[in-house]
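# Geometric and topological summary
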Amino acid sequence: MPYPPPRFAEPEPYGFIYLGFQIEPVQRSPVHTRTPRRQQAAAELVEAVPALVDREDVVSVRIFRAVFIPPLPGAPRYDLAMLIRTRRVDQLQTVRTCDEVSALAGEEILAGVNVARIGDTDARTDGAFLLNHFTAAPETDAEAVWRSVTGWYTMKTGVDNSTALRPVGPSPFALVNYARLPAGPIRFLAGQLTRPSFHRFVRATLDDHGMRALPAVHRLVHTSA
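Now for a quick tour of the structure.

The rules we used
- Residues numbered from 1 in each chain as written.
- Predicted model: local features only at pLDDT ≥ 70, side-chain atom pairs only at ≥ 80, totals over all residues.
- Heavy atoms only, no water.
- Pairing = 2+ DSSP bridges.
- Helix = DSSP H or I, 4+ residues; strand = E, 2+ residues; numbered from the N terminus.
- Axes fitted to C-alpha atoms, helices over the stretch in contact; angles between N-to-C directions.
- Contact = heavy atoms within 4.5 Å.
- Phe/Tyr/Trp six-rings, centres within 6.5 Å; stacked < 30°, edge-to-face > 60°.
- Buried < 20%, exposed > 50% of the residue type's maximum accessible area, 1.4 Å probe, protein only.
- Lys NZ or Arg CZ within 6 Å of the ring centre and 35° of its normal.
- Expected span 1.5 Å × (residues − 1).
- Bend = angle between axes of the 7 residues up to and from the residue.

## Notes on the sheet that holds strand S6 (residues 162-167)
If you trace the eight strands once around the closed barrel, you get S1-S3-S2-S8-S5-S7-S6-S4, paired in antiparallel fashion. Strand-to-strand, the axes of this sheet are offset by a mean angle of 35 degrees, without reference to chain direction. Relative to strand S8 (residues 212-223), strand S2 (residues 58-68) runs antiparallel, the two sharing six bridges. Following the sheet pairing, Phe 68 is matched in S8 by Val 217. Strand contacts of helix H1 (residues 36-53): strand S1 (15-21), S2, strand S3 (80-86) and S8, with the helix running at about 170 degrees to S2, the strand carrying the most contacts.

## Regarding the packing of aromatic side chains
Applying the stated criterion across every chain yields a total of seven aromatic pairs. Seen in terms of ring centroids, Phe 64 and Tyr 178 are 5.9 Å apart; in terms of plane orientation they differ by 75 degrees. Their pairing is edge-to-face. Residue Phe 64 is found in strand S2, and its partner Tyr 178 is found in strand S7 (residues 175-180); the two are separated by 114 residues along the sequence. Using a relative accessible area of 2% as the deciding quantity, one classes Phe 64 as buried. Note on Trp 152 and Tyr 153: the rings are 5.0 Å apart at their centroids and 85 degrees apart in plane angle, and the pair reads as edge-to-face. Assessed through its relative accessible area of 0%, Trp 152 is described here as buried. Look at Tyr 153 and you get buried, because its relative accessible area is 19%. Following the ring pairs from residue to residue traces out a cluster consisting of Phe 64, Phe 129 and Tyr 178. Directly above the aromatic system of Phe 8 lies the positively charged group of Arg 147, at a separation of 4.5 Å from the ring centroid.

## Points about helix H4 (residues 142-156)
With 15 residues, H4 extends 21 Å from end C-alpha to end C-alpha; this agrees with the ideal 21 Å at 1.5 Å per step. Most pronounced at Val 149, the bend in H4 amounts to some 35 degrees. Regarding H4, the residues found buried are Ala 142, Glu 143, Val 145, Trp 146, Ser 148, Val 149, Thr 150, Gly 151, Trp 152 and Tyr 153. Buried residues along H4 sit in contact with strand S4 (107-118), strand S5 (128-135), S6, S7, helix H5 (185-193) and helix H6 (196-208). Backbone geometry just after H4 places Gly 158 at a positive phi near 85 degrees.

Written out as structure tokens, the structure is:
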């Protein structure tokens, strides 16, 4: 392997529910601004958090607002996102169908588990957060492919954390990577695309396994923990 893999941490024991919220009509521009409708919707989601975290089966709730989403075919382009951690994986079904979650009317993107982790993505609340959605050909081990390219990211981009989520039920994505970025979205994404090694190694590896990466960059709006 041309890039040594990073030191992986023990995966988190929680279940994860990732919801998306479309507030404004889908736009062509990758830049998502703070419109009044988006701000109002974010405030309403924040108001709903206490009822969720009061549940014994919910550990934490994080709300994000999109800031930069490249207009790639198939990419989820939601204005707001919510990441719910359940206390146990076997509580995913109970939480995803509970009244508190149903009332949010969000689109479920993934209900799953953390299968691999680098560092602590939630160690800080500032900066930009990447939700990178991977599609994959049938029978592809998306986690193994993701692990094989992580060394490039830690060496070339300075990323020191990453939380890989694998669905346990139906999802359009084989894996979703949740990470805190060391730079703003444009600088980070441009830093990939302008490096020949990104195309030669990362993109080529994904292509070889029938995988596509669909990134969305967010800022944290609210965290319950």
